[in-house]
Amino acid sequence: MMKDLNKYKKEISLPDFLISHFGFQESSEKSTRSNPRLENRETGEIFIIKKNIAGYYTYWSPKDPEIKGKTILDFMQERLKREGKGASLYQVALTLDNYIRSGKIVSTENSVFRLAEKRYEISSLEKEIKPLMNQYFFKKRGISEHMLETPVFKNIFGEREYFDKKKGKVYSNVVVKLFDETGLVGISQRNLHFKGCFASRSEALAATNPDRSRPVDVFYIGESMIDNVSHYEMNYDSLKDKNVVYFSSEGCLTPGQINLLQKSLDKIKPDKLVSLYDNDIAGQCFTLNLFGNIVCKGMGEGITMRLKDNIKENFIECEFEMPECLSELKSKDFPPRFFSESMSGDVILGNQEKVGEEAKVLWTVRFQRTLDNVTEFVNKTMIFRLGETVGREIPLTNDFNDDIRAFKGIHPDWKMGIKGDKFIGVKVDGLGM
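Everything quoted here is computed from the prediction, not taken from an experiment. (Residues numbered from 1 in each chain as written. Predicted model: local features only at pLDDT ≥ 70, side-chain atom pairs only at ≥ 80, totals over all residues. Heavy atoms only, no water.)

1. Side note on the sheet that holds strand 13 (residues 272–275)
To keep things clear, this is the line we draw: Any two strands are treated as partners once DSSP identifies two or more bridges connecting them. For helices the rule is a DSSP run of H or I covering at least 4 residues; for strands it is a run of E covering at least 2, with both sets numbered from the N terminus onward. Working rule for contacts: check all heavy atoms of both residues, and any pair within 4.5 Å makes them a contact. Here the axes come from fitting lines to C-alpha atoms, over the contacting stretch only for helices, and the angles between their N-to-C directions go from 0 to 180 degrees.
If you trace the 5 strands from one edge of the open sheet to the other, you get 10-12-11-13-19, paired in mixed fashion. Either end of the sheet is taken by a strand with one partner, and the two such strands are strand 10 (206–207) and strand 19 (390–392). Looking at chain direction, strand 11 (residues 218–222) and strand 13 are connected through 4 bridges and run parallel. Opposite Ile221, over in strand 13, you have Ser275 as the bridge partner. Packed on one face of the sheet, helix 9 (residues 255–268) meets strand 11, strand 12 (244–248) and strand 13 and runs near 170° to strand 11.

2. Things to note about the packing of helix 7 (residues 225–234) against helix 14 (residues 400–407)
When two helices pack together, their arrangement is captured by the angle between the axes and the distance separating the axes. Note the following rule: Relative orientations are named as follows: roughly parallel for angles under 35 degrees, roughly antiparallel for angles over 145 degrees, roughly perpendicular for angles from 65 to 115 degrees, and oblique for any other angle. The handedness criterion is simple: a crossing whose near helix is rotated anticlockwise from the far helix by less than a right angle is left-handed, and one whose near helix is rotated clockwise is right-handed.
The geometry of helix 7 relative to helix 14 is characterised by a closest axis approach of 7 Å and an angle of 45° between their N-to-C directions. When the axis of helix 7 is compared with that of helix 14, the two are oblique. Both helix 7 and helix 14 take part in a crossing whose hand is left-handed. Contacts from Ile226, Asp227, Ser230, His231, Glu233 and Met234 of helix 7 reach helix 14 at Phe400, Asn401, Asp403, Ile404 and Phe407.

3. Concerning the side chain of Asn52
Going by this rule: Remark: exposure states derive from per-residue accessible area (1.4 Å probe, protein chains only) relative to the maximum for the residue type, with buried under 20%, exposed over 50%, and partly exposed in between.
Structurally, Asn52 can be placed in the loop between strand 3 (45–51) and strand 4 (57–60). When its relative accessible area of 10% is taken as the criterion, Asn52 is described as buried.

4. Quick look at the pairing of strand 21 (residues 422–427)
One ladder, built from 6 bridges, connects strand 20 (residues 414–419) with strand 21; its direction is antiparallel. Considered in strand 21, the bridge of Lys415 is made with Val426. Hairpin remark: strand 20 followed by strand 21, antiparallel, with 2 residues in the connecting loop; positive phi at Gly420, about 70°.

5. A word on the layout of surface pockets
Applicable threshold: A cavity, in this analysis, means grid points on a 1 Å lattice covering only the protein atoms where a 1.4 Å probe fits yet has no way out; a pocket is instead an open set bounded by protein on both sides within 12 Å along at least five of seven lines, and a residue lines either one if it has an atom within 4 Å of a point. Grid points are joined across faces, edges and corners, and a volume is the space filled by probe spheres set on the points. Classes in brief: Ala, Val, Leu, Ile, Met, Phe, Trp, Tyr, Cys and Pro nonpolar; Asp, Glu, Lys and Arg charged; the others, Gly included, polar.
Counted as a void, the second largest pocket has a volume near 760 Å³. If you go around the second largest pocket, you meet 25 residues; those closest to its centre are Ala207, Thr208, Arg212, Phe247 and Ser264. Listed by contribution, the elements that provide at least two residues to the lining of the second largest pocket are strand 7 (169–180), strand 10, strand 12 and helix 9. When residues in the lining of the second largest pocket are grouped by element, the largest group, 5 residues, is from helix 9. Grouping the amino acids of the lining of the second largest pocket by side-chain chemistry returns 13 nonpolar, 4 polar and 8 charged.

Geometric values such as these leave the question of function open.
Structure, rendered in structure tokens:
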């Protein structure tokens, strides 16, 4: 098995693999050898194949917004699950190795497909990032200037100019760098009217500066680095003497990002992992997906979760997969009523079923798609998989940047204050704090 899973993404020609083994074919009108568009007429799937700035072959679906920036590892994991087989990354790697040994893999070097390279080289992109000079964005966001000079956040934010040819204007964007195991692979950038990512994001994270001279107390992970620095300022008195590291997934949370965070957890071994995702359904689904798949201090080992967020039909389905022996132990502590208690609306508990030759067991729970239900199910997943190795802090408003703006009196819809040792907040048109 390849020790570096990234090699599968770089060295196996994804379009050849899909065509040879999974019934895909090129779309006659829209596909080119440098920009393949593949269709599976039996399943109705349509994939556009791209090479990201890290050199990974990825696929995107114009029909399904959830399928974006996926790699051959994601594809095989999904196919193995459909077939009722073990779908861990280890099993995926073994399956791909079988294809390689049988000579049924076309390497990227020998493929007729020559995917277009990204226009920007990372070295060129890095040169465009300048030290942060303009504090206007942070002032409008309620973030104090001195927070950006703390050891945790110093040099985390930069600036990058963008010239809009149509308007003839130069815009200055606030930038954070995105890294994977190989180094810088992209950036996330924003101003008061725009936000977006440039180059690779699906398998990269932004991170702050740890104090490498002492153990790390907490890993925090949030939806944006702006939310993270807002959280740090609001909790500065309790955090300033701790060794904390903030990670940001910059607007999404993909399997690749979870895998990268897992490697940092395994290497650095912080005392705790804490989620800071937004107080909305999407944000809490990110937390649910994180706590359904991450392993902390050995907790959660052997149990994976697949989350299906069906917005159209207004339900969320969570499928836990674990070895049969572990399922028997879990059944004693977590009877079916554990998953349905405190959940509003209909909660459907699927039968426990065995799959594959490895005596795996699936537990399936489906519930109505409401914020209260997702929030409650995150609590259940934390208890079921991870115990006290993880935590979650939920903003009172939508996110922690809205919280700090409300606390400083510059949010148009919210006001916040402190009662005892807790933050409290209300809508402006509410009855008061």
